[in-house]
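These are the residues of each chain, in order.
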Amino acid sequence: MEYLNYLIIGLFLLFIIKRIIPAKGVRQISTTDLKNELKDRNKQFVDVRTPGEFKGRNIKGFKNLPLQQLAQKAEKELSKDKEVVVICQSGMRSQNATKILKKLGFTNVTNVKGGMSAWR
């Protein structure tokens, strides 16, 4: 019985760690770095927050593809030939979004650390 408890705790910790650790091959940038990259026409900027959050406050040049719809819309609306820069409110959903994009075959993916909460 005690072994089972350790197993459950171990699986739970593994689940939490997998959600926190960035995907392999994903570049992490700050919002300060983002300001310098916004002019780059060879990059695609994606905000994975809900439409309501996006409407309330967003960065010019970002396309709203909510996280729940990203897997269905990414291949139609994004090019695998260009870097994809992803933002959300805090950096957690965008981190999940980078993992989805990598699984879909996007190779050049960047996460904005701190998200809109860090944007000034």
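Because the structure is predicted, anything quoted here is derived from the model rather than measured.

A. Layout of the UniProt feature "domain: Rhodanese" (unreviewed entry) in the chain. In this numbering, the UniProt entry assigns the feature "domain: Rhodanese" (unreviewed entry) to residues 39-120. Secondary structure content for residues 39-120 is 40% helix and 21% strand, and the end C-alpha separation is 17 Å.

B. Inspection of the packing of aromatic side chains at higher detail. Within the structure shown, the criterion is met by 1 aromatic pair. Ring centres 5.3 Å apart and planes at 50° place the aromatic pair phenylalanine 45 and phenylalanine 62 in the tilted group. Taken together, the residues span a long stretch of sequence, with phenylalanine 45 in strand E2 (residues 43-47) and phenylalanine 62 in strand E3 (residues 62-64) at a distance of 17 residues. In this structure, phenylalanine 45 and phenylalanine 62 share a single accessibility class: buried. One residue, lysine 35, lies across the ring of tryptophan 119, its end atom 5.1 Å from the ring centre. Cation over ring: lysine 80 sits above phenylalanine 106, and NZ or CZ is 5.6 Å from the ring centre.

C. Structural context of the pairing of E2. Counting buried positions along E2 gives 5 out of 5 residues, so the element sits mostly inside the fold. Both faces of E2 are covered, namely the face carrying Lys43, Phe45 and Asp47 and the face carrying Gln44 and Val46. Alignment of E2 against strand E4 (residues 83-87), held across 5 bridges, turns out to be parallel. Paired with phenylalanine 45 across the two strands is valine 85, which belongs to E4. Inspection of the sheet shows E2 paired to E3 by 3 bridges, in the parallel sense. Across the sheet, phenylalanine 45 pairs through a bridge with phenylalanine 62, a residue of E3.

Rules and cut-offs
Residues numbered from 1 in each chain as written. Predicted model: local features only at pLDDT ≥ 70, side-chain atom pairs only at ≥ 80, totals over all residues. Heavy atoms only, no water. UniProt positions renumbered as here; feature names shortened; annotations may be inferred. Helix = DSSP H or I, 4+ residues; strand = E, 2+ residues; numbered from the N terminus. Phe/Tyr/Trp six-rings, centres within 6.5 Å; stacked < 30°, edge-to-face > 60°. Buried < 20%, exposed > 50% of the residue type's maximum accessible area, 1.4 Å probe, protein only. Lys NZ or Arg CZ within 6 Å of the ring centre and 35° of its normal. Pairing = 2+ DSSP bridges.

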